[in-house]
Amino acid sequence: MSAVVDLDVTGPTISPHVYGHFAEHLGRCIYDGFYVGEDSEVPNEGGIRLDLVEALRALDIPNLRWPGGCFADEYHWMNGIGPKEGRPRMVNTHWGDVEENNHFGTHEFMALCELLGAEPYVSGNVGSGTVREMSEWVEYLTRRGDSPMARMRRENGREDPWKVRFWGIGNEAWGCGGNMTAEEFAAQARTFATYCRDQGDNRLYRIAAGASDDDYRWTEALMRTVSGLGGAGADERHGHAPIQAVSFHYYTVTGPTWEQKGSATDFTADDYYRTLLKAQGMERVLGGHARVMDAYDPDKRIGLVCDEWGTWFDVEPGTNPGFLFQQNTLRDALVASLHFDVFHRFADRLVMANIAQTVNVLQAMVLTDGPEMVLTPTYHVFRMNRRHQGAASLAVHVLSETPAREVDGQQLRTFSASASVREDAALLSLTNLDTEQPVTLTVDLRGRAVGEPTGEVLTAAELSAHNVPGGAGAVAPRPFDGARLEGSTLTVELPPHSFATVQLPLRG
Ligand code: AHR
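Residues numbered from 1 in each chain as written. Predicted model: local features only at pLDDT ≥ 70, side-chain atom pairs only at ≥ 80, totals over all residues. Heavy atoms only, no water.

Trainee: Mind laying out the sheet that holds strand β22 (residues 439-446), listing which residues take part and the relevant values?
Mentor: On the basis of which strands lie adjacent, the open sheet formed by five strands has the order β17-β1-β22-β27-β26 and mixed pairing. Because the sheet does not close on itself, it has two edges, and the strands there are β17 (397-398) and β26 (483-486). Pairing between β22 and strand β27 (residues 489-494): six bridges, direction antiparallel. Note on β27: the bridge partner recorded for L441 is V492. (Pairing = 2+ DSSP bridges. Helix = DSSP H or I, 4+ residues; strand = E, 2+ residues; numbered from the N terminus.)

Trainee: Could you give an account of the sheet that holds strand β8 (residues 119-124), naming the residues involved and the relevant values?
Mentor: Across the sheet, eight strands lie side by side as β2-β5-β8-β9-β10-β11-β12-β13; this open sheet has parallel pairing. Of all the strands in the sheet, just β2 (21-22) and β13 (350-355) have a single pairing partner and so form its edges. Alignment of β8 against strand β9 (residues 166-169), held across four bridges, turns out to be parallel. By the bridge assignment for β9, V122 is matched with W167. Where helix α8 (residues 330-345) meets the sheet, its contacts fall on β11 (245-252), β12 (303-311) and β13, and the angle it forms with β12 comes to roughly 165°. (Contact = heavy atoms within 4.5 Å. Axes fitted to C-alpha atoms, helices over the stretch in contact; angles between N-to-C directions.)

Trainee: A description of the packing of aromatic side chains should follow, citing residues and the corresponding values.
Mentor: For the coordinates displayed, the defined rule picks out 24 aromatic pairs. Pairing W66 with F104 gives two aromatic rings, centres 6.0 Å apart and planes at 70°, and the pair type is edge-to-face. Taken together, the residues W66 in strand β5 (residues 63-66) and F104 in the loop between β7 (98-100) and α2 (106-116) connect sequence positions 38 residues apart. Between W309 and F382 the ring centres are 6.3 Å apart and the planes differ by 10°, which places this aromatic pair in the stacked class. Here F382 lies in helix α9 (residues 377-384) and W309 lies in strand β12, a separation of 73 residues in the sequence. For W309, a relative accessible area of 0% gives the class buried. In this structure an aromatic cluster arises from ring pairing among Y31, Y35, W66, F71, Y75, W77, F104, F109, W137, Y140 and W167. The ring of F22 has R65 sitting right over it, with the charged end atom 4.6 Å from the ring centre. The ring of W258 is capped by K261, whose NZ or CZ atom sits 4.6 Å from the centre of that ring. (Phe/Tyr/Trp six-rings, centres within 6.5 Å; stacked < 30°, edge-to-face > 60°. Buried < 20%, exposed > 50% of the residue type's maximum accessible area, 1.4 Å probe, protein only. Lys NZ or Arg CZ within 6 Å of the ring centre and 35° of its normal.)

Trainee: Account for the state of the cysteines, with residues named and values stated.
Mentor: For the coordinates displayed, the defined rule picks out one disulfide. You can see C113 has no disulfide; the closest cysteine sulfur is in C29, sitting 12 Å from it. C196 takes part in no disulfide bond, and the closest cysteine sulfur to it belongs to C113, at a distance of 18 Å. (Disulfide = S-S within 2.5 Å.)

Trainee: How would you explain the packing of helix α6 (residues 216-226) against helix α7 (residues 269-296) if you had to name every residue and give the values?
Mentor: The N-to-C vectors of α6 and α7 enclose an angle of 25°; their axes lie 9 Å apart at closest approach. Here α6 lies roughly parallel to α7, going by the angle between them. Between α6 and α7 lies a crossing whose hand is right-handed. Together, Y216, T219, E220, M223 and R224 of α6 and R284, V285, G288, H289, V292, M293 and Y296 of α7 make up the contact between the two elements. Its residues placed into classes, the contact of α6 with α7 shows six nonpolar, three polar and three charged. (Parallel < 35°, antiparallel > 145°, perpendicular 65-115°, else oblique. Left-handed = near helix turned anticlockwise from the far one by under 90°. Nonpolar A, V, L, I, M, F, W, Y, C, P; charged D, E, K, R; others polar.)

What is shown is where atoms sit, not what they do.
Here it is, written out as structure tokens:
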């Protein structure tokens, strides 16, 4: 295969926030994941697990979405502040029907974000909350001066307001977030967002809950409501633009029924290809939402956010079905690398994306087991790709036919690539999905002189290779010796079922 990359013809900047994360009160994501409690033997700060924080800091996590998901529309934030022993309890009806003690609340979440160096993305309750409740949460978090909520925050030990930019208005309002029609939700979102005030110099970026998969009608209904009011700041009289972005969710889930999504670790090569075909669908779906938005907002002032994405398999045998705990193999890693290529290509519209979820739930970065912890294959893709965050996107022009295979009557492209550039270096991400054939790619690098390539490759003998607590790292990146430079031609030999990053220092 051959391709051309013009290193001096840069596209839109890749928003760092497409490498965002998601932590819901679900299964062992918060409790027994991020939060072990202050009395735990696992080293922690204020109950937050420190080995986990250290591992995640290496990913340069740009933002963390919380408290849900479906949980967000049942969550009443005032139950999660003040002395822990006095906090009211509730039942987490969506996820396992377990009791929630509210020990991890607003202050603990903001402390976690500070430890991670990530921006908070708070998901507000529209489904069972009130406009006043959401408005007061914003005031509690962000108001500097004197006010009832600012005083309450100080009484709870925090003098200064926090900076909070990303604010979610509801979640999956078509389902767990209230079973609304698109039109009903659009009207609600407009009202809720209006009363989420910019306090002082804190500027909110309000994200209206969006569609599932390819429900473009939902996006259209939101855009009809939002585009005359929203990010464009049309309400100049009041200087207040209620909604700055709309979201959607897209999960890589296959299987004949929802009850039979397939095992995360026990799968055939056909299952593998079917999963990757579904993952490749992100390009079509993201493109579909982007085109609807273009019709209402050609100047791209309203952002698109995919605040839940990732694989969804059957839970690990013997675990609570409501906890969504699944293992994570090389297949998951390749799902992630395909998604990032798509996200980079849509840098002009996509402002944020959040993997579901960071710890112990669905396509996680980290799995914990008591004091032990492992990094998943997906974690490594996030780390290997992290220098795309905030870089200028570059087009990878493939000149020859992209290898493909037929899967369930559709074409799965078995090679994928994306690239970006910053002042001193270019970064190429390359994925070969073929389980047996390597790929040889020659890239004509034009426009800037480059130095010797360095890189990393992630692969394993088995597609189902994964990492277990206490085991040796079966799937981990190693230095990549498959990239050679002659003049301005880069030749890359990519092994079967692998993901590689190649970094090229720029000269002049
Ligand atoms: O990520 C798990 C769940 O998936 C979220 O709570 C919900 O928004 C989605 O259906």
